[in-house]
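Letter by letter, the chains look like this.
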Amino acid sequence: TTTTTTTTTTTNSSSNNNNNKQGSASAKKEREGKGNANQRERGHRQTHERGRRGTGDGQLRAEPVRLTQQLHELVRGLLPTKEETERKARTVYFLQMMVGNAWKQAKIDIFGSAANSFGVRGSDIDISVDLPIEEDDRDAKVKVIETLGDMLQQVGMEKVVVLAHARVPLVKYVDPRTGCASDICINNRVAVANTKMLCDYARIDSRLRQLAFAVKHWARARKVNETYRGTLSSYAYVLMCIHLLQRRNPPVLPCLQGMRPTFSKLLQKGQDIVKCEYFDEVDKLARFGDNNRESVAELLFSFFEYWAWRHDYAHSVVSIRTGGFLSKAEKGWTKRIGNERHLICIEDPFETGHDLGRVVDRNSISALRDEFVRAAKILRDEEDPLPKLFEPYVRPDEQDPGEG
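Parameters and conventions
- Residues numbered from 1 in each chain as written.
- Predicted model: local features only at pLDDT ≥ 70, side-chain atom pairs only at ≥ 80, totals over all residues.
- Heavy atoms only, no water.
- Helix = DSSP H or I, 4+ residues; strand = E, 2+ residues; numbered from the N terminus.
- Buried < 20%, exposed > 50% of the residue type's maximum accessible area, 1.4 Å probe, protein only.
- Contact = heavy atoms within 4.5 Å.
- Areas by Shrake-Rupley, 256 points an atom, 1.4 Å probe, with all protein chains shown as cover.
- Pairing = 2+ DSSP bridges.
- Patch = residues over 30% accessible without salt bridge, like charges linked within 9 Å, V, L, I, M, F, W, Y side chains within 5 Å.
- Salt bridge = Lys/Arg side-chain N within 4 Å of Asp/Glu carboxyl O.
- Lys, Arg positive; Asp, Glu negative; His and termini not counted.
- Charge placed at Lys NZ, Arg CZ, Asp CG, Glu CD.
- Expected span 1.5 Å × (residues − 1).

From N to C terminus, the protein chain includes eleven helices and eleven strands. Counting across all 404 residues of the protein chain, residues that qualify as buried make up 48%. Across the protein chain, every contact between residues at least 6 apart in sequence was considered, and the portion connecting residues at least 24 apart equals 67%. In the structure as shown, the protein chain presents an accessible area of about 20,700 Å², 46% of it carried by carbon and sulfur atoms.

Next up, the structure:
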């Protein structure tokens, strides 16, 4: 029998040890958690001496054409199969039928990696159910989510979990007919618009997808794509790739938000009105990047070289909205506010007050920067770099006790 589980967010606090200084220090380390401790160990392993990261002199050592072919093969193995894409389509169709019977005015939108062209094989489906509900009417959204949870359980869906008290109420489930896992929320219209823009960027030049898939694969292997551990999201890495291609000389990608808008919506999110507008007639830009002849391999090296040695972490904000850089001062991102630290700043293109790097802390920023340097050095120094570049990082707490 499948059951519906409702969970709430709780905050755990560690008790203080006041017996002696050693006990207090031990308790403090426990509060920091193993994840942060591991990131700190990794970050400080190579950077405790000033300048240890080195400089960005050098170029890609591997033959670019051969390495690009290897990256193409890698990406082909990461893309969802045709069979998986069909299973996801059936999952969405089944949900559309169920939701349409319950709410005639409802509309189903897919957002995130399942729809923005950057989803890897086996990724979940993020679904927004669009209903005529006021944006600030949280109770109405929660009621719909709870109703959806009951309906999904009644029609035989598995692993149904209702997160009614999450910041964004949602319901998670797995369709046993297709094996696809999905997350459903209500009226996530800004995310839907954002998904459309990323998909449009991907249509302009195929090198964006190739680069983004390689970077995301690297981030996953090296365990620097875990926001709950203080590193960056896959979405942030995609924006970083777009920005790099906007900044090449000549550019590979245009700045769609800097052109005459052909797509324009004013959407409410919370108490804010979000302007989502950009040039979306991207078929007219099909040859935009033709003057840039850089291969995917060369662009991958440029990505890591930039983030290893050239980015101004102290002052700069990456902005695909402007196709350039903003200053932390003009964004008001110079000081820590609560848990938001702004040590690496990546502006969300629509929700411009949102820094995607805000989750990175003083420990994980060192780990992240060391990984950028490691990747750049491998591509600079190795003739066959991919095995080492994508070598999985094993945290100290994950190592086999019998090793080393």
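Further notes follow.
One open sheet holds the three strands; their spatial order is E10-E9-E11, and the pairing between them is mixed. On the outer flanks of this sheet lie strand E10 (324-327) and strand E11 (345-346), each paired with one strand and no other. Sheet analysis places strand E9 (residues 316-319) next to E10, joined by four bridges and oriented antiparallel. By the bridge assignment, Val 317 is partnered in E10 with Leu 326.

Take a negative patch on the surface next. Together, Glu 134, Asp 136, Asp 137 and Asp 139 give the surface a local cluster of negative charge. By the element assignment, Asp 136 lies in the loop between strand E3 (125-130) and helix H4 (138-154). For Asp 136, a relative accessible area of 51% translates into the label exposed.

In this model helix H6 (residues 206-221) runs 23 Å from its N-terminal to its C-terminal C-alpha over 16 residues, within 8% of the 22 Å that 1.5 Å per residue would give. Burial analysis of H6 places twelve of its 16 residues in the buried class, the great majority of the element. All of the buried residues in H6 are Arg 207, Leu 208, Gln 210, Leu 211, Ala 212, Phe 213, Ala 214, Val 215, Lys 216, Trp 218, Ala 219 and Ala 221. The inward-facing, buried residues of H6 contact helix H2 (64-78), helix H5 (189-204), helix H7 (234-247), helix H8 (296-310), helix H10 (362-381) and helix H11 (386-389). Of the residues flanking the end of H6, it is Lys 223, one or two places downstream, whose phi is positive at about 60 degrees.

Everything listed is a geometric property; what it means functionally is a separate question.
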